[in-house]
Amino acid sequence: MARPLRLEFAGALYHVTSRGNRQEVIYELNTDREKFLTVMSDVCERYNWVCHAYCLMDNHYHLLVETPDANLSKGMRQLNGMYTQIFNRAHHRVGHVFQGRYKAILIDKDSYLLELSRYIVLNPVRARMVRSAEEWPWSSYLATVGQQAKPSWLNTEWLLAGFGQQKSKAIEAYKCFVSAGKGQPSPWEQLKNQIFLGDEKFVGSMQGLINVDKQLSEIPISQRRAVP
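Could you give an account of the packing of aromatic side chains, naming the residues involved and the relevant values?
Tallied over the entire structure, the rule returns 11 aromatic pairs. Judged by centre distance (5.7 Å) and plane angle (80°), the ring pair of Tyr-27 and Phe-36 falls under edge-to-face. Accessibility expressed as a relative area gives 3% for Tyr-27, which makes it buried. Here a set of aromatic residues connected by ring pairs shows up, and it is made of Tyr-27, Phe-36, Tyr-61, Tyr-83, Phe-87 and Phe-98. When the ring centre of Phe-177 is taken as origin, the NZ or CZ atom of Arg-118, which lies over that ring, is 3.8 Å away. Above the ring of Tyr-119, the side-chain terminus of Arg-126 is found at 4.0 Å from the ring centroid.

Account for the sheet that holds strand β5 (residues 196–197), with residues named and values stated.
The sheet built from five strands is open, its strands ordered β2-β3-β1-β4-β5 with mixed pairing. With one partner strand each, in any of the chains shown, β2 (50–56) and β5 form the two edges of the open sheet. Of the strand pairs in this sheet, β2 and strand β3 (residues 60–67) are connected by six bridges, and their pairing is antiparallel. If you follow Cys-51 over to β3, its bridge partner there is Val-65. Of the strands in this sheet, β1 (12–19), β3 and β4 (103–107) touch helix α2 (residues 72–91), which is tilted by about 145° from β3.

Reading the values: the criteria
Residues numbered from 1 in each chain as written. Predicted model: local features only at pLDDT ≥ 70, side-chain atom pairs only at ≥ 80, totals over all residues. Heavy atoms only, no water. Phe/Tyr/Trp six-rings, centres within 6.5 Å; stacked < 30°, edge-to-face > 60°. Buried < 20%, exposed > 50% of the residue type's maximum accessible area, 1.4 Å probe, protein only. Lys NZ or Arg CZ within 6 Å of the ring centre and 35° of its normal. Pairing = 2+ DSSP bridges. Helix = DSSP H or I, 4+ residues; strand = E, 2+ residues; numbered from the N terminus. Contact = heavy atoms within 4.5 Å. Axes fitted to C-alpha atoms, helices over the stretch in contact; angles between N-to-C directions.

In structure tokens form, the structure reads like this:
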């Protein structure tokens with residue numbers, strides 16, 4: 001099967017996952033998770049990423065990130081590359097930590113931001129590692145509901161705005177929303193063309209961007225002109 005295309009544009013919202021090589025753990029200790037979050041902070045600052053949700057599991061992680069500067073691949077090389085160096089140095093290892101390419105799904109932010117944020121923080125619950133999202137300290141849930149200090153690179157305002165204008169009420173509504181999501185079907189049942197999560201209009205617009213990129217790539221470099 002052909003690998004899904006990478007599509008990058010300003011303001012794109014992605015659900016990103018990356019798994020351990022040979023399904024091995026990528027965090028052996030909680031200090032490994034702390035170091036990963038430090039690298040994530042650096043990447044968000046350097047590449048102007050906006051992170052709306054995250055969850056660090058044992059052998060993979062989930063991110064919901066927006067890229068105002070159309071630079072997902074550059075940021076991901078930095079994130080996985082730097083963490084690999086740190087992890088290998090800490091555990092006296094060499095070689096790959098992550099398995100192949102990361103997976104990135106383009107998300108219709110107007111329709112699926114809330115659903116994906118819930119899906120991400122419920123990962124440890126679905127894996128039966130904990131009973132509720134608030135029992136897992138390695139996701140964005142506790143910071144979103146105000147039970148943990150919010151890192152500067154985590155944006156919770158946009159997410160909570162979907163539940164009301166008053167923050168305290170929005171937080172309570174978000175808690176109920178997450179709790180009610182335990183038995184909900186996976187949003188991936190609505191995935192289209194391997195890389196899109198959105199309605200037909202959204203998919204059509206994304207396909208249009210792919211076609212524009214493809215047409216441009218087919219023009220010899222010597223014939224391309226910079227926009228004045």
